[in-house]
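Spelled out from the first residue to the last, the chains are:
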Amino acid sequence: MFYACALYVVSGLQNRIELICALLFIGIITIISEKAYIGEIRYRCFALVGIEAYIVISALFQDLLGSGDLIDLFFTIVLSVLFGKEIKEYFHFVENAEEELNDNQITKRKFKQIKGAAYLQIVLGILAVIILMCRWILDIAKVNKIKIELGVINIPNWSVYVLFIVSGLLFILGLKQNEKSIAFKVAAFFLSIVMFIVLIYVNITNIGSLPSLTWTPLKWVMLSCSICACLGSAILSAHGYYMNVVWLRWLSDKKMAAAMALVQVVAGVVLNVLNTILILCQQTWIYIIFILVVTIMAFIVIPVLNARVIRYKYGEYKVVPNKPLGGIAQDGLMITLIVFFADFIPCIYISVIHTVDIVAISKATALIVGAFFPVGFCIYNNVKHIGRQKKVLLEHPEEEKLWEILRKCLVRQSKQTLFAMLPYVCIAALYGIVTRISGSKTMPEALRDIKNTYIDKDVY
């Protein structure tokens, strides 16, 4: 995906010689790396090289082919398809590795390496899509005669020092591997609250320093549609934290983890709403970077640092192969993706568009749909994961109660994910129903098929 991203970015070069040289260089690197690291040259590589050839031809014969809008739209749609296929392939690697682990064909260490490498590739793909979005935002703003500047942001020095010091203290408190004392857990709880308060304070300070909050009816509609993402992502964060720390570990002392989960819901909702208001009212690169960093801090960094301290000594179970911190980080990545693509990107789009441009709308649709591939595969993989772990019970029937807890947790997580993306889920559900009915299924059968695929099967 980074090769694809590079292709898309360099396609904006004005000098034709520089453009052609950059594309040829990227093409050679693409082919060499495919052969070196994958072991073969996959069809995706040929697709990217084909796109390069298309851009070279368009650069040489620009006067005959017209403007670059067609090229950009072509890029966007093809890269969206490629991104979806790559995500599906990496999730397939994880599924196969999990089945091999259940069959004792690989060690847990090997499984961890495969899973880590796959999710690293997914993260890189997501970063590539974000960079594509930046290029797309510039295109939209240019059409509407809006200049997105670097901008300035008001971040007090003391807030940066506090965040670094508190993060360091949380890291130090979590260094010991044995069960922590209650004093450590209480300290981690209040230190986490301090980090949330600082992030909220910085957000409010920047909203208050804006010269004027201009609200159009379209922005109010967008803010209303973002409520699902703001609320749903916060609930998802708390659920993922509590599930990985308490429910799947047979823990009896739940008070501190429950209090932390409650804090995550409240702080998550407040930060999401403040970030949404900020991006609707001020479109600068520094604010876009700022809200992305705040989202990562709120949904990945703080929960993981807190869980390192609050987590208890737990036993190993075959039904639950992952570790608490890995599960929280994985959930946090999915939540960050939901917030960014279901909330922030549409808000930026609403803020920079003044005229209806069919090419711009097509690019936005293609990229946002492509960005939801990881989320779709996550909830799809939840159902598959429940089924795979059901097979483990054949050799470990004593863990049946834990499997039932796992099933309930993942089903609840899938429902929360669908709620967080509710406006988009309605469109996707309608498409799914139509395609299934056109395939000779009745309405109840279509709904049941969607439920069995993305929420919970009737029988495993």
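This is a predicted model, so every value here is computed, not measured. (Residues numbered from 1 in each chain as written. Predicted model: local features only at pLDDT ≥ 70, side-chain atom pairs only at ≥ 80, totals over all residues. Heavy atoms only, no water.)

Q: Outline the overall build of the protein chain, supporting the account with residue identities and numerical values.
A: Summing up its helical and strand segments, the protein chain has 17 helices and zero strands in all. Counting contacts in the protein chain only where the partners sit at least 6 residues apart, residues at least 24 apart contribute 80% of the total. (Helix = DSSP H or I, 4+ residues; strand = E, 2+ residues; numbered from the N terminus. Contact = heavy atoms within 4.5 Å.)

Q: Explain the packing of helix H10 (residues 255–281) against helix H12 (residues 324–352) to me, and be specific about the residues and the numbers.
A: In the contact formed by H10 and H12, the axes pass within 8 Å of each other and the chain directions differ by 25°. One element, H10, and the other, H12, form an angle in the roughly parallel class. Taken as a pair, H10 and H12 cross one another with a handedness that is right-handed. Facing H10, whose interface residues are Asn272, Asn275, Thr276, Ile279 and Leu280, H12 presents Val339, Asp343, Phe344, Cys347, Ile348 and Ser351. Here the residues of the contact of H10 with H12 sort into six nonpolar, four polar and one charged. (Axes fitted to C-alpha atoms, helices over the stretch in contact; angles between N-to-C directions. Parallel < 35°, antiparallel > 145°, perpendicular 65-115°, else oblique. Left-handed = near helix turned anticlockwise from the far one by under 90°. Nonpolar A, V, L, I, M, F, W, Y, C, P; charged D, E, K, R; others polar.)

Q: Which residues make up the packing of aromatic side chains, and what values do they have?
A: Taken as a whole and assessed by the stated rule, the structure comprises five aromatic pairs. Seen from their ring centres, Phe340 and Phe344 are 6.3 Å apart, and the 90° between their planes marks the pair as edge-to-face. In this pair, Phe340 and Phe344 are both assigned in helix H12, four residues apart and thus about one turn of the helix distant. Like Phe344, Phe340 is buried. Here Lys390 stacks its cationic end above the ring of Trp403, 4.5 Å away from the centre of that ring. (Phe/Tyr/Trp six-rings, centres within 6.5 Å; stacked < 30°, edge-to-face > 60°. Buried < 20%, exposed > 50% of the residue type's maximum accessible area, 1.4 Å probe, protein only. Lys NZ or Arg CZ within 6 Å of the ring centre and 35° of its normal.)

Q: For the state of the cysteines, give the residues involved together with the corresponding values.
A: Per the counting criterion, the structure on display carries zero disulfides. In this structure Cys230 is a free cysteine whose sulfur lies 7.8 Å from that of Cys347, the closest cysteine sulfur available. There is no disulfide at Cys281, and the cysteine sulfur nearest it, in Cys347, is 9.8 Å away. (Disulfide = S-S within 2.5 Å.)

Q: Lay out the nonpolar core in plain terms, naming residues and giving numbers.
A: Ranked by size, the top nonpolar core spans 95 residues in total, and within it Phe196, Tyr241, Val245 and Ile338 carry the most contacts. If near-sequence neighbours (up to four positions away) are discounted, Ile338 is found in contact with Leu236, Asp343, Val375, Thr417, Ala420 and Met421. (Core = buried A, V, L, I, M, F, W, Y, C linked by side-chain atoms within 4.5 Å.)

Q: So what's going on with H12? Residues and values would help.
A: Structural remark: α-helix, 3.6 residues per turn; residues separated by three or four positions point the same way. Over its 29 residues, H12 extends 41 Å from the first C-alpha to the last, a length consistent with the 42 Å expected when each residue adds 1.5 Å. Its axis deflected by about 30° at Phe340, H12 carries its strongest bend there. (Expected span 1.5 Å × (residues − 1). Bend = angle between axes of the 7 residues up to and from the residue.)

Q: Run through the pattern of salt bridges, naming residues and quoting values.
A: For the coordinates displayed, the defined rule picks out three salt bridges. In this structure, a network of salt bridges that share partners links the residues Glu404, Arg407 and Asp456. (Salt bridge = Lys/Arg side-chain N within 4 Å of Asp/Glu carboxyl O.)

Q: So what's going on with the environment of Val269? Residues and values would help.
A: Tracing the chain through its elements places Val269 in helix H10. With 36 residues separating them along the chain, Val269 and Ser233 place their C-alpha atoms 8.0 Å apart. With residues near it in sequence (within four places) discarded, Val269 still touches Cys230, Leu231 and Ala234.

Q: Residue-level account of the side chain of Gln416, with values.
A: Within the secondary structure, Gln416 sits in helix H15 (residues 400–420). When near neighbours in sequence (up to four residues on either side) are disregarded, Gln416 contacts Ile235, Leu236 and His239.

Q: Which residues make up a nonpolar patch on the surface, and what values do they have?
A: A contiguous nonpolar patch, built from Ile155, Val160, Tyr161, Phe164, Ile165, Leu169, Phe171, Ile172 and Leu175 and spanning about 900 Å² of accessible area, is present on the exposed surface. Relative to the assigned elements, Leu169 resides in helix H7 (residues 157–173). Residue classification places Leu169 among the partly exposed residues on the basis of a relative accessible area of 39%. (Patch = residues over 30% accessible without salt bridge, like charges linked within 9 Å, V, L, I, M, F, W, Y side chains within 5 Å. Areas by Shrake-Rupley, 256 points an atom, 1.4 Å probe, with all protein chains shown as cover.)

Q: Now, about the side chain of Asn244: what can you tell me, with residues and values included?
A: Relative to the assigned elements, Asn244 resides in helix H9 (residues 217–245). In this structure the side chain of Asn244 is engaged in a polar contact, spanning 2.7 Å, whose partner is the backbone oxygen of Gly240. Filtering out sequence-adjacent residues up to four positions away, Asn244 remains in contact with Arg249, Asn322, Lys323, Pro324, Gly327, Ile328 and Asp331. (Polar contact = N/O pair within 3.5 Å; in protein donor to acceptor, adjacent residues only side chain to side chain.)

Q: Outline the environment of Ile235, listing residues and values.
A: Among the structural elements, Ile235 can be located in helix H9. Judged by relative accessible area, Ile235 falls into the partly exposed class, the value being 29%.

Q: With reference to specific residues and values, describe the confidence of the model for the protein chain.
A: Detailed reading of the predicted coordinates is not advisable wherever pLDDT is low. Considering every residue of the protein chain, the mean pLDDT works out to 77; 67% of them sit at 70 or more. Below a pLDDT of 50 lies the segment residues 63–67, which in the model reaches three contacts outside its immediate sequence neighbourhood of four places, other chains included. (pLDDT = per-residue confidence, 0-100.)

Q: Account for the packing of helix H8 (residues 182–208) against H10, naming residues and giving values.
A: Running from amino to carboxyl end, H8 crosses H10 at an angle of 10°, the nearest separation of the two axes being 10 Å. Considered as vectors, H8 and H10 are oriented roughly parallel to each other. Within the contact of H8 with H10, the residues separate by chemical class into 19 nonpolar, five polar and one charged.

Q: Break down helix H11 (residues 285–310) for me, with residues and values.
A: The end-to-end C-alpha distance of H11, which contains 26 residues, comes to 36 Å, matching closely the 38 Å that a straight helix rising 1.5 Å per residue would cover. The sharpest bend along H11 comes to roughly 40°, located at Met297. For H11, a buried count of 20 out of 26 residues is recorded, marking the element as mostly surrounded by other parts of the structure.

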